Amino acid sequence: MWAIVSGYFNCVTFLGLFLPKNIRLGRILALDYGKVRTGIAVTDELQIVASGLETVNTEELITFLKSYLSEEKVECVVVGLPKQMDGKDSQSEGLIKKFLEKLQNSFPLLKIERQDERFTSKIAVQSMIAGGMKKKKRQNKGMVDQISATLILQSYLDRISI
């Protein structure tokens, strides 16, 4: 993927799209919400690439988001939707619903979406193994949460691009 900046057109050419320099799409943020830690992933400004951003203590999540949202244009926050194999909500959904109320109250204009997160933790661990990460690093649960958030975000991007 190549981006070519053109002074003549005063725009950025990206995959055949011409966007004026002053137009910025908002990033999309994804959360793998947990009782103790929350993994966070984010897209680039063109909403093409999902990347791990950070893992924060869940009790500090709203403070982190206030800081991040004051510095970055974010169009949407995607929160993982934990489901059981039979499609029913998992036990952690109760905690997430309470968080979603707090999130909506803190950021009333922010678009909030949900994305199925089944198997993201298992896929995250498998990707760490496949990537050659040593066992000691794979035991870092914060890294697993961050990769899980990235998987949630990529699944969301795949879903909205169809």
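Our structure's up above, just so we're on the same page.
What this report covers is the structure whose coordinates are included nearby. Not measured: the values here are computed from a predicted model. (Residues numbered from 1 in each chain as written. Predicted model: local features only at pLDDT ≥ 70, side-chain atom pairs only at ≥ 80, totals over all residues. Heavy atoms only, no water.)

**With respect to the sheet that holds strand β4 (residues 27-32)**
Here is step 1 of the chain: With respect to topology, 5 strands assemble into an open sheet ordered β6-β5-β4-β7-β8, the strand pairing being mixed. Here the strands that pair on one side only, and so sit at the sheet edges, are β6 (50-57) and β8 (111-116). The sheet shows a mean angle of 25 degrees between the axes of neighbouring strands, direction not considered.
Here is step 2 of the chain: Two elements, strand β5 (residues 37-43) and β6, share 7 bridges in a ladder whose sense is antiparallel. Of the residues in β6, the one forming a bridge with T38 is V56.
Here is step 3 of the chain: Packed onto the sheet, helix α1 (residues 61-71) meets β4, β5, β6 and β7 (74-81) and runs at close to 135 degrees relative to β6. (Pairing = 2+ DSSP bridges. Helix = DSSP H or I, 4+ residues; strand = E, 2+ residues; numbered from the N terminus. Axes fitted to C-alpha atoms, helices over the stretch in contact; angles between N-to-C directions. Contact = heavy atoms within 4.5 Å.)

**Quick word on the packing of α1 against helix α2 (residues 93-106)**
Here is step 1 of the chain: At a closest axis distance of 11 Å, the pairing of α1 and α2 adopts a crossing angle of 35 degrees. For the pair α1 and α2, the crossing hand works out as right-handed. Contacts between α1 and α2 involve L61, I62 and L65 from the first element and F99, K102, L103 and S106 from the second.
Here is step 2 of the chain: Grouping the amino acids of the contact of α1 with α2 by side-chain chemistry returns 5 nonpolar, 1 polar and 1 charged. (Left-handed = near helix turned anticlockwise from the far one by under 90°. Nonpolar A, V, L, I, M, F, W, Y, C, P; charged D, E, K, R; others polar.)

**Overview of the side chain of T150**
Here is step 1 of the chain: Along the chain, the position of T150 falls in helix α5 (residues 141-160).
Here is step 2 of the chain: Excluding anything up to four places from it in sequence, T150 contacts A41, A50, S51 and G52.

**Here's the deal with the packing of aromatic side chains**
Here is step 1 of the chain: Scanning the model with the defined rule gives 2 aromatic pairs in all.
Here is step 2 of the chain: Their ring planes at 25 degrees and their centres at 4.6 Å tell us that Y33 and F99 sit as a pair that is stacked. With Y33 in the loop between β4 and β5 and F99 in helix α2, this pair connects stretches of sequence that are 66 residues apart. Judged on exposure class, the residue Y33 and its partner F99 are both buried.
Here is step 3 of the chain: A ring pair is formed by F64 and Y68, whose centres lie 6.1 Å apart and whose planes are at 15 degrees; its orientation type is stacked. Taken as a pair, F64 and Y68 lie in helix α1 at a separation of 4 residues, close to a single helical turn. The burial state of F64 is the same as that of Y68; both residues are buried. (Phe/Tyr/Trp six-rings, centres within 6.5 Å; stacked < 30°, edge-to-face > 60°. Buried < 20%, exposed > 50% of the residue type's maximum accessible area, 1.4 Å probe, protein only.)

**A closer look at the environment of D44**
Here is step 1 of the chain: Among the structural elements, D44 can be located in the loop between β5 and β6.
Here is step 2 of the chain: The sequence separation of D44 and I28 amounts to 16 residues, and the corresponding C-alpha distance is 7.9 Å.
Here is step 3 of the chain: With sequence-adjacent residues up to four places away left out, D44 is seen in contact with R27 and V49.
Here is step 4 of the chain: Side-chain polar atoms of D44 contact the backbone nitrogen of L46, separated by 3.2 Å. (Polar contact = N/O pair within 3.5 Å; in protein donor to acceptor, adjacent residues only side chain to side chain.)

In short, shape yes, function no, at least from these values alone.
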